[in-house]
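Each chain is listed here by its residues.
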Amino acid sequence: MNTKDIITEDMVKPLLDEKFIRVFDLQYEEGKHYFDATRRTKEELVATKPEDDFNNLMPDAVSCIVILHIKDKEPVLLLSYEYRYPVGHYLLGVPAGLIDPADKLCKNRDEAIIKTATRELFEETGIRVADKDSVKICNPCLFSTPGMTDECNALAVCDIYLNDTSALTQEGAEGSEKFSGFWLLTKEDARNVLNKGTDEYNHAYSIYTFAALMYFLYSSTV
């Protein structure tokens, strides 16, 4: 790493400070500016973290790759349609949610990710993780669009064993969350969506949906 490329706290100027979004000016050289839209406070910004902290970064949120093993049927990938305000449409996505401040008090990052994944799975699908199920970390920290934001998500894989799908529900939605049903994809469905690049309504989807499709199709553990 070139030390002249390091962003220090004195190079950071706050531009916007709202409850759910902040914008900082990273003045990386005299008269030159780079902007970071983030949920983080100035003290939590990724740009100013030393190497050790960066390598063990706590993600902002967890996205869940949910694979249902339904009795006497082939495994399916659970995706849902959630209203995404910046694009004004319901998009095909995965259960996901922010890591709460209380989760960050867990003894380590992995425990915080698993706790968040388990909670979000229940809130957005009605599924309670049982002893026969497993929730594991696929990737502890992935940046979304690091040219615009330092936001990052962990990926958790949830293998859930059910007799049927009668318990699935989206009634646990909170705050601004709005859902419009599930889609349980077979591998053939997932391959078609991946190859087409859009969902059944010809709508685009997020990079985390792409990651879920790829994992479901090509992981040797499925």
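Residues numbered from 1 in each chain as written. Predicted model: local features only at pLDDT ≥ 70, side-chain atom pairs only at ≥ 80, totals over all residues. Heavy atoms only, no water.

Draft legend 1. Structural context of the overall build of the chain. In terms of regular secondary structure, the chain is built from four helices and ten strands. Along the chain, helices (α) and strands (β) appear in the sequence β-β-β-α-β-β-β-β-α-β-β-β-α-α when read from the amino end. At 19 Å, the chain has a C-alpha radius of gyration in line with the 17 Å of a compact globule built from 222 residues. The contacts of the chain with a sequence gap of at least 6 include a subset with a gap of at least 24, amounting to 57%. Counting only carbon and sulfur atoms, one obtains 52% of the accessible surface of the chain, whose full area is about 12,700 Å². (Helix = DSSP H or I, 4+ residues; strand = E, 2+ residues; numbered from the N terminus. Rg over C-alpha atoms; globule rule 2.2 N^0.38 Å. Contact = heavy atoms within 4.5 Å. Areas by Shrake-Rupley, 256 points an atom, 1.4 Å probe, with all protein chains shown as cover.)

Draft legend 2. Representation of the packing of helix α3 (residues 187-196) against helix α4 (residues 207-218) within the structure. It is the contact of α3 with α4, at a shortest axis distance of 10 Å, that shows an interaxial angle of 135 degrees. Comparing the axis directions of α3 and α4 gives the class oblique. Crossing of α3 over α4 shows left-handed handedness. Contacts between α3 and α4 pair K187, A190, R191, V193 and L194 from the former with F210, L213, M214, F216, L217 and Y218 from the latter. (Axes fitted to C-alpha atoms, helices over the stretch in contact; angles between N-to-C directions. Parallel < 35°, antiparallel > 145°, perpendicular 65-115°, else oblique. Left-handed = near helix turned anticlockwise from the far one by under 90°.)

Draft legend 3. Structural view of the environment of V46. As for its position among the elements, V46 is in the loop between β3 (32-38) and α1 (51-55). Considered as a pair, V46 and A156 are 110 residues apart in the sequence and their alpha carbons are 22 Å apart. When neighbours within four sequence positions are excluded, V46 is seen to be in contact with R40, F54, L57, F143 and D150.

Draft legend 4. Highlighting the pattern of salt bridges. In total, this model carries nine salt bridges according to the counting rule given. Between R39 and E151 there is a salt bridge, with its nearest N and O atoms 2.3 Å apart. Taken together, the positions of R39 in the loop between β3 and α1 and E151 in the loop between β8 (134-143) and β9 (152-162) put the pair 112 residues apart, joining distant regions of the chain. For R39, a relative accessible area of 39% gives the class partly exposed. Note that E120 and R119 form a salt bridge whose closest N and O atoms lie 3.6 Å from each other. (Salt bridge = Lys/Arg side-chain N within 4 Å of Asp/Glu carboxyl O. Buried < 20%, exposed > 50% of the residue type's maximum accessible area, 1.4 Å probe, protein only.)

Draft legend 5. Quick look at the nonpolar core. Within the largest apolar cluster, 22 residues are counted, with the highest numbers of intra-cluster contacts made by V62, V66, L68, I127, C158 and I160. For this core, the secondary-structure elements that each account for two or more residues are β4 (61-70), β5 (76-84), α2 (109-125) and β9. If we skip the residues at most four places from it in the chain, I127 touches L68, L78, L121, F122, I160 and L168. (Core = buried A, V, L, I, M, F, W, Y, C linked by side-chain atoms within 4.5 Å.)

Draft legend 6. Summary view of unusual backbone geometry. Its identity is not glycine, yet D72 carries a phi of approximately 70 degrees, on the positive side. In this structure, D72 sits in the loop between β4 and β5. Judged by its relative accessible area of 77%, D72 falls in the exposed class. Unusually for a residue other than glycine, N202 sits at a positive phi of about 70 degrees.

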